[in-house]
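# Examining the three-dimensional arrangement
One-letter residues, chain by chain:
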Amino acid sequence: MDNRRFDNMSLERRAWNIRRKALRMGEVQGQGYIGQALGIADVLAASFFHALNHRPDDPEWEGRDRFLLSIGHYAIALYAALIEAGILPEDELETYGMDDSRMPMSGMASYTPGMEITGGSLGHGLGIAVGMAMGLKRKDNPAFVYNLMSDGELGEGSTWEAAMSAVQHGLGNLICLVDFNDQQADGKATEALARVPEEGKWAAFGWHTQRVDGNDMAAVVAALDAARAEPGDRPRVIIFDTLMCKGVDFLEARESAHFVRVDPDEWARALETLDAGMPE
Ligand SMILES: Cc1ncc(C[n+]2csc(CCOP(=O)(O)OP(=O)(O)O)c2C)c(N)n1
Ligand SMILES: [Mg+2]
């Protein structure tokens with residue numbers, strides 16, 4: 001796939017690099033939300049290497065598109081993307097989750113360049129994104145705000161309050177990315193609350209809505225492009241159906257869980273399995 005602002009490395013390879021870095025961090029710490037990181041890697045690669053207008057050497061550039069990690073527990077995934085994009089140095093990967101590291105296990109804005117908000121109290125990211133998008137609009141700053149959130153957060157009332165105010169304020173500069181891995185803390189997201197089709201719900205709230213396979217790079221890129229190109233002032237959402245642990249078959253096959261079990265002797269095997277599938 002096209003990789004506009006960086007070099008000729010394919011987005012598939014970028015996604016693979018993000019997966020590998022996340023797995024390595026998991027190995028360093030002996031734990032981590034690795035299922036989520038492997039699942040969302042394609043969306044992160046397409047965001048940081050295709051969609052986002054940003055400057056890796058100046059992460060606070062006023063004109064940057066903001067990328068908000070509403071789901072603080074996905075920090076391992078975002079760190080891998082920030083390292084891959086050159087916003088964080090590669091050698092810091094080895095400090096993941098350690099005392100004094102800039103990469104704590106849950107995302108903290110004050111610790112990490114490129115971590116725009118302290119996420120993790122679920123259901124708040126979209127409200128923060130609405131405020132940022134309003135501020136940018138008032139300042140005539142053409143940047144977009146991307147908010148990465150989870151299917152678990154679709155069960156939070158605050159998400160839908162924010163969704164309504166985004167429409168009310170005509171925030172065409174807001175793009176919400178939902179990782180629909182059908183997993184939350186206690187089981188499947190689709191079994192936790194009565195769910196009408198999510199895309200119909202967002203559309204009824206007045207959002208420009210798409211739903212695509214979040215592990216199909218061409219589909220991810222097309223959806224990100226369409227969200228940005230959409231004229232008018234409707235906020236935009238893309239629901240990405242993703243597979244937890246994508247790219248490591250024996251973990252993909254494991255019973256799906258919020259915190260996937262990886263035994264101490266399995267990290268090396270997971271890396272070997274991933275390596276066997278390295279794309280061009
Ligand atoms: C407001 C709030 N309630 C509960 C939690 C505890 N919690 C942390 S992660 C998580 C799972 C939520 O589902 P999702 O974000 O879809 O998680 P996934 O299993 O896909 O990582 C929960 C309930 C929290 N962080 N914030
Ligand atoms: Mg989930």
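Residues numbered from 1 in each chain as written. Chains lettered and ligands numbered in written order. Predicted model: local features only at pLDDT ≥ 70, side-chain atom pairs only at ≥ 80, totals over all residues. Heavy atoms only, no water.

### Here's the deal with the overall build of the protein
Helices and strands together make up the secondary structure of the protein, namely 10 helices and 5 strands. Relative to its length of 280 residues, the protein is compact, with a C-alpha radius of gyration of 18 Å against a globular reference of 19 Å. Its C-alpha atoms give the protein principal-axis dimensions of about 50 × 45 × 35 Å. Put simply, the protein has 280 residues, and 52% of those count as buried. Taking the intrachain contacts of the protein between residues at least 6 apart in sequence as the baseline, contacts between residues at least 24 apart amount to 75%. In the structure as shown, the protein presents an accessible area of about 11500 Å², 50% of it carried by carbon and sulfur atoms. Treating the 26 positive side-chain charges of the protein as one cloud and the 44 negative ones as another, the clouds have centres 5 Å apart. (Helix = DSSP H or I, 4+ residues; strand = E, 2+ residues; numbered from the N terminus. Rg over C-alpha atoms; globule rule 2.2 N^0.38 Å. Buried < 20%, exposed > 50% of the residue type's maximum accessible area, 1.4 Å probe, protein only. Contact = heavy atoms within 4.5 Å. Areas by Shrake-Rupley, 256 points an atom, 1.4 Å probe, with all protein chains shown as cover. Lys, Arg positive; Asp, Glu negative; His and termini not counted. Charge placed at Lys NZ, Arg CZ, Asp CG, Glu CD.)

### Some words on helix 5 (residues 157–168)
For helix 5, spanning 12 residues, the distance from its first C-alpha to its last is 17 Å, which sits close to the expected 16 Å at 1.5 Å a residue. Inspection of helix 5 places Thr-159, Trp-160, Ala-162, Ala-163 and Ala-166 among the buried residues, and these make up the whole buried set. One side of helix 5 holds all its buried residues, which, seen down the axis, span an arc of 160°. Projecting away from the buried face of helix 5 at angles above 90 degrees are the exposed residues Glu-161 and Gln-168. Looking at the packing, one finds that the buried side of helix 5 touches helix 4 (125–138), strand 2 (145–150), strand 3 (174–180) and helix 7 (198–204). A positive backbone phi angle near 60° is found at Gly-170, which sits one or two residues after helix 5. (Expected span 1.5 Å × (residues − 1). Arc of directions from axis to C-beta.)

### Focus: the sheet that holds strand 3
With respect to topology, 5 strands assemble into an open sheet ordered 1-2-3-5-4, the strand pairing being parallel. Whereas interior strands pair on both sides, the edge strands pair on one side only; in this sheet they are strand 1 (66–69) and strand 4 (208–213). Averaged over all pairs of adjacent strands, the angle between strand axes in this sheet comes to 20°, irrespective of strand direction. With 6 bridges joining them, strand 3 and strand 5 (residues 236–241) adopt parallel strand pairing. The partner of Phe-180 across the bridge, within strand 5, is Asp-241. (Pairing = 2+ DSSP bridges. Axes fitted to C-alpha atoms, helices over the stretch in contact; angles between N-to-C directions.)

### Some words on the coordination of the magnesium ion (ligand 2)
Around the magnesium ion (ligand 2), the protein supplies Asp-151 (OD), Asn-181 (OD1) and Gln-183 (O) as donor atoms, at distances of 2.1 to 2.3 Å. On the primary sequence, the residues serving as donors to the magnesium ion (ligand 2) are separated as D-x29-N-x1-Q. Highlighted residues: Asp-151 in the loop between strand 2 and helix 5 and Gln-183 in the loop between strand 3 and helix 6 (189–192), separated in sequence by 32 residues. Neither residue differs from the other here; Asp-151 and Gln-183 are each classed as buried. (Donors = N, O, S within 2.8 Å, 3.2 Å for Na, K, Ca; no water.)

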